[in-house]
Amino acid sequence: SRTKLSFEHRATLAKSELAKQLFHLMASKKTNLCLAADLTKSEEILNIAEICGPYICVLKTHIDIVEDFDEAFIQKLRSLADKHNFLIMEDRKFADIGNTVSLQYGKGVYKIANWADLVTAHALSGRSILQGLKAGLADSASDGRKHGVFLLAELSNSGSLIDAKYSEAASKIATEGADIDFVAGVVCQSASCFHFPGLVQLTPGVKIDDTVDQLGQQYQTPEHVVQERGADIGVVGRGILQTKCVEKAAALYRDRLWAAYTDRIAK
Ligand code: 6AU
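This text gives an overview of the structure that appears in the document.

Cut-offs used in this document
- Residues numbered from 1 in each chain as written.
- Predicted model: local features only at pLDDT ≥ 70, side-chain atom pairs only at ≥ 80, totals over all residues.
- Heavy atoms only, no water.
- Helix = DSSP H or I, 4+ residues; strand = E, 2+ residues; numbered from the N terminus.
- Buried < 20%, exposed > 50% of the residue type's maximum accessible area, 1.4 Å probe, protein only.
- Lys, Arg positive; Asp, Glu negative; His and termini not counted.
- Salt bridge = Lys/Arg side-chain N within 4 Å of Asp/Glu carboxyl O.
- Near = heavy atom within 4 Å.
- Polar contact = N/O pair within 3.5 Å; in protein donor to acceptor, adjacent residues only side chain to side chain.
- Areas by Shrake-Rupley, 256 points an atom, 1.4 Å probe, with all protein chains shown as cover.
- 1 Å grid on protein atoms, 1.4 Å probe; cavity = no way out; pocket = protein on both sides within 12 Å on 5 of 7 lines; lining within 4 Å.
- Sits in = over half its atoms within 2 Å of the grid points.
- Pairing = 2+ DSSP bridges.
- Right-handed = clockwise from strand over helix to strand, strands pointing away.

For Glu90, the location among the structural elements is in strand β3 (residues 87–94). No salt bridge is formed by the buried Glu90; the nearest opposite charge belongs to Arg92, separated by 5.6 Å.

This paragraph deals with the site of the ligand. Of all residues adjacent to the ligand, which total 18 residues, the nearest are Asp38, Lys60, Ser156, Tyr219 and Arg238. Between an oxygen atom of the ligand and a side-chain N or O atom of His62, the distance comes to 2.9 Å. Within the complex, 91% of the 520 Å² of free accessible area of the ligand lies under protein. Counting atoms within 2 Å of the grid points, the majority share of the ligand lands in the largest pocket.

Let us look at the pairing of strand β4 (residues 118–122). Within β4, five of the five residues are buried, which leaves it mostly tucked inside the rest of the structure. Here β3 pairs with β4 via three bridges, running parallel. Paired with Phe94 across the strands is Ala121, a residue of β4. At this point the chain moves from β3, through helix α5 (residues 98–106), to the parallel β4, and the crossover so formed is right-handed. Here β4 pairs with strand β5 (residues 148–152) via five bridges, running parallel. Within β5, the position partnered with His122 by the bridge is Leu152.

As structure tokens, this is what we get:
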């Protein structure tokens, strides 16, 4: 199964340039931690990126919660990504028809295609989500960097309407058809969600000392998501952000997620 293979091996099987790049980055930097930088001030995001940068493979943004967004913020974040060698994922969860998505990706205030290495998208509208994103990229002032998409096939919260049939259909979009070179991975909660080893499994809902929040989020430990659920990358937000020393917390989550992965492939 894919969970037994090393990231180096899986890089050779990937169809997406971004998946290849991400597998190599994780293997060389020895981290499979994604930080969810869910903060509302640009200064706070830059600060956390500077502190946690050495410990992460991906920094995930929700750009529409940033109260003081501007070009300069994006330029600073990009230079921190280059300095510390992590990728930037904008967790936009695109979900509209192709034409609208192409505009939302490349245009507007945020011009996401200009700076995000990776974006997330729901599979709800079917294959045209990928075609729309590709069109948005072609239409944007991109600087030649490669781009990739993570498709959502499952959600971490309780009461989600996504069922097994939907998950299966979503993974099919990620693994079959003309646009799969654009799909870097799948956001999901279980190893059975997809089988192709060239895709990266990103799994949110990771926290060491809580099992739920007040609004439906459900948490598992780093060991559980990597060894029982098939996660390649664990996403941690409040588990790091809401601690006294974020650097210590980032190092702890990095160590535990990485040890869980090395144990998994050694067994
Ligand atoms: O660790 P937390 O609970 O503070 O943050 C989890 C982060 C948030 C969510 O928007 C995101 O992960 N997320 C996603 C993603 C990444 O797409 C999917 C999901 O099913 N659950 C989830 O929490 O930024």
